[in-house]
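Breakdown of the fold
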Amino acid sequence: NQDEEKLTEYMDELEFLAYTAGATVDKRFTQKLSQPDSRTFVGSGKALEIKEYVKENEIGTVIFDDELSPSQLKNLERELEVKILDRTNLILDIFAQRAQTSYARTQVELAQYQYLLPRLTRMWTHLERQKGGIGMRGPGETEIETDRRIIRDRITLLKDKLKTIDKQMATQRNNRGKMVRVSLVGYTNVGKSTLMNALSKSEVFAENKLFATLDTTVRKVVIGNLPFLLTDTVGFIRKLPTQLVESFKSTLDEVREADLLIHVVDISHESFEDHIASVNQILQEIDAHQKPIIMVFNKIDAFAYEKKDEDDLTPSSRKNISLDEWKKTWMAKSKYPTVFISALTKENFPEMKKMIYDEVHRIHISRFPYND
Ligand code: GDP
């Protein structure tokens, strides 16, 4: 039963990703296998079931919630006779749509080519008529059909270009001087941009879609006469494509070089514990997990679930919980300073600000011991 709940949550997230990319989802298929079929990911019976459904309902694309191997992708496309997207490709597509600056575009393009290279043999030649659409944005179709060598050259070029920009950005970071640097991290859509806006009184793009933020935004924030730099970074997600982790080096460097991390959690989301784990895993991967961290549990104004009884504080039963009650939950007992807020209504902002101030101040005086 718990497995089933997990599965539903994963599918909800995948549907949200598809929606963010501009697709509407018609039907979900799930299957329990001890391990994915090496040839077609799902078993042959399930594949047939999907194929029939796709035919009958004129479905344009089938999306899988995992990264498929190049051969699985090829086999599925041949057998289902429909465009196949895997989770990685879908996320890359959203990133391509959302990349605003030439830096972000270069990063996404690199990640797309790296994803494409081992999958080049499959092509979409038999699906010519379905040009465009999800999974086809970014590198143009004609480019997709050029040979491996050209793509390898392109990858080299993009890597060089990024290296140059990385250097410039490193210089920029150095030029910011010794001001304390704080990075907002968290799963996608938890409210990082909203919090950034609330703290810095600036207008950062916030939207109820995934990955509204691809580029790093840096703002100077002052709390109690103490200035520091606050950055908003790309949202993390379960199974973030490794190609992206690699190519978003500079964006993640911002996190890596921060003095303090503010880990924002959407406590109204049924999978928030999983989200915390995903974020911690990525922090570990980029070697940023030992930094000072403040846990900010956001969206306390928004509980979608009914409370069954007084002691029941499981994720599916959070409603009308007072601040005092929140402070008695396991979340409040973490080894990090922890605070419960709403970035939207600004509930409990003074406590959060005090917490940030204390941490920043501590770092500040360790850096300027004679100034204080
Ligand atoms: P980001 O992807 O982490 O930067 O998240 P955003 O700041 O873009 O916010 C994602 C969505 O959550 C937006 O629709 C926000 O309006 C909403 N949101 C952010 N903070 C809160 C909050 O405290 N309460 C509620 N109810 N919604 C919030």
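The structure we're discussing is the one just above.
Reference entry: report on the structure contained in this document. Since we're looking at a predicted model, the values are computed, not measured.

Observations concerning the overall build of the protein
Within the protein one finds 13 helices and eight strands. Counting only residues that meet the buried cut, the protein has 49% of its 372 residues in that class. Taking the intrachain contacts of the protein between residues at least 6 apart in sequence as the baseline, contacts between residues at least 24 apart amount to 69%. Of the roughly 18500 Å² of accessible surface on the protein, 49% is carried by carbon and sulfur atoms.

What about the packing of helix 4 (residues 87-98) against helix 5 (residues 102-116)?
Interhelical geometry of helix 4 versus helix 5 gives an angle of 155° and a closest axis separation of 9 Å. Regarding the angle of helix 4 to helix 5, the classification is roughly antiparallel. The interaxial crossing formed by helix 4 with helix 5 has left-handed handedness. Listed contacts from helix 5 to Thr 88, Asn 89, Leu 92, Phe 95 and Ala 96 of helix 4 are Val 108, Ala 111, Gln 112 and Tyr 115. Counted by class, the contact of helix 4 with helix 5 contains six nonpolar, three polar and no charged residues.

Overview of the pattern of salt bridges
Applying the stated rule across the entire model yields 19 salt bridges. The salt bridge involving Glu 4 is made with Lys 32; its shortest N-O contact spans 3.8 Å. Of this pair, Glu 4 sits in helix 1 (residues 2-21) while Lys 32 sits in the loop between helix 1 and helix 2 (44-57), and the two are 28 residues apart along the sequence. Here Arg 119 and Glu 67 are joined by a salt bridge, their closest N and O atoms 3.1 Å apart.

Quick word on the packing of aromatic side chains
What characterises a pair of aromatic rings is the spacing of the ring centres plus the angle enclosed by the ring planes. Scanning the model with the defined rule gives six aromatic pairs in all. Note on Phe 41 and Phe 64: the rings are 5.7 Å apart at their centroids and 90° apart in plane angle, and the pair reads as edge-to-face. Of this pair, Phe 41 sits in the loop between helix 1 and helix 2 while Phe 64 sits in strand 1 (residues 61-64), and the two are 23 residues apart along the sequence. According to the relative accessible area criterion, Phe 41 is buried, its value standing at 16%. Between Phe 272 and Phe 297, the ring centres sit 6.3 Å apart and the planes meet at 85°, which makes this aromatic pair edge-to-face. Taken together, the residues span a long stretch of sequence, with Phe 272 in helix 11 (residues 272-285) and Phe 297 in strand 7 (residues 293-298) at a distance of 25 residues. Note on Phe 297: relative accessible area 2%, which makes it buried. Site record: aromatic cluster; members linked through ring pairs are Phe 272, Phe 297, Trp 330 and Phe 340. The positively charged end of Lys 27 is found above the aromatic ring belonging to Tyr 53, 5.5 Å away from the centroid. The residue whose ring lies beneath Arg 119 is Tyr 115, and the NZ or CZ to ring-centre distance is 3.9 Å.

Let's talk about the site of the ligand
Taken together, 16 residues sit near the ligand, with Asn 189, Lys 192, Ser 193, Thr 194 and Asp 301 positioned nearest. For the ligand, an oxygen atom lies 3.1 Å from a polar atom in the backbone of Val 190. Between the ligand and Ser 193, the relevant distance is 2.7 Å, taken from an oxygen atom to a side-chain nitrogen or oxygen of the residue. In the complex, 87% of the free accessible area of the ligand, which totals 580 Å², lies under the protein chains. Considering each element in turn, the shell around the ligand owes the most residues, three residues, to helix 8 (residues 192-200).

Quick look at the side chain of Thr 40
Note on placement: Thr 40 falls in the loop between helix 1 and helix 2. Taking the relative accessible area as the measure of exposure, Thr 40 reaches 3% and is therefore buried. Apart from the residues lying within four places of it in its own chain, the contact partners of Thr 40 are Gln 72, Asn 75, Leu 76 and Glu 79.

Some points on the pairing of strand 1
Here strand 1 shows a buried face lined by Val 62 and Phe 64 and an unburied face lined by Thr 61 and Ile 63. Two strands pair when backbone bridges link them, and strand 1 and strand 2 (residues 83-86) are joined in this way by four bridges, in the parallel orientation. Its bridge partner being in strand 2, Thr 61 is matched across the sheet by Lys 83. With helix 3 (residues 70-80) bridging strand 1 and its parallel neighbour strand 2, the resulting β-α-β unit is right-handed.

A few points about the layout of surface pockets
Unfilled space is identified by rolling a water-sized probe across the atoms. The space that makes up the largest pocket amounts to roughly 1100 Å³. Sorting the residues of the lining of the largest pocket by element identifies helix 1, helix 2 and strand 1 as the ones contributing at least two each. Broken down by element, the lining of the largest pocket gets its largest block of residues, nine residues, from helix 1. Its residues placed into classes, the lining of the largest pocket shows 20 nonpolar, eight polar and 13 charged.

As for the environment of Ala 104
Looking at where Ala 104 falls in the secondary structure, it is placed in helix 5. Among the residues examined, Ala 104 registers a relative accessible area of 0% and is labelled buried. C-alpha separation for the pair Ala 104 and Thr 251, spaced 147 residues apart in sequence, amounts to 9.1 Å.

Reading the values: the criteria
Residues numbered from 1 in each chain as written. Predicted model: local features only at pLDDT ≥ 70, side-chain atom pairs only at ≥ 80, totals over all residues. Heavy atoms only, no water. Helix = DSSP H or I, 4+ residues; strand = E, 2+ residues; numbered from the N terminus. Buried < 20%, exposed > 50% of the residue type's maximum accessible area, 1.4 Å probe, protein only. Contact = heavy atoms within 4.5 Å. Areas by Shrake-Rupley, 256 points an atom, 1.4 Å probe, with all protein chains shown as cover. Axes fitted to C-alpha atoms, helices over the stretch in contact; angles between N-to-C directions. Parallel < 35°, antiparallel > 145°, perpendicular 65-115°, else oblique. Left-handed = near helix turned anticlockwise from the far one by under 90°. Nonpolar A, V, L, I, M, F, W, Y, C, P; charged D, E, K, R; others polar. Salt bridge = Lys/Arg side-chain N within 4 Å of Asp/Glu carboxyl O. Phe/Tyr/Trp six-rings, centres within 6.5 Å; stacked < 30°, edge-to-face > 60°. Lys NZ or Arg CZ within 6 Å of the ring centre and 35° of its normal. Near = heavy atom within 4 Å. Polar contact = N/O pair within 3.5 Å; in protein donor to acceptor, adjacent residues only side chain to side chain. Pairing = 2+ DSSP bridges. Right-handed = clockwise from strand over helix to strand, strands pointing away. 1 Å grid on protein atoms, 1.4 Å probe; cavity = no way out; pocket = protein on both sides within 12 Å on 5 of 7 lines; lining within 4 Å. Points joined across faces, edges and corners; volume = space filled by probe spheres on them.

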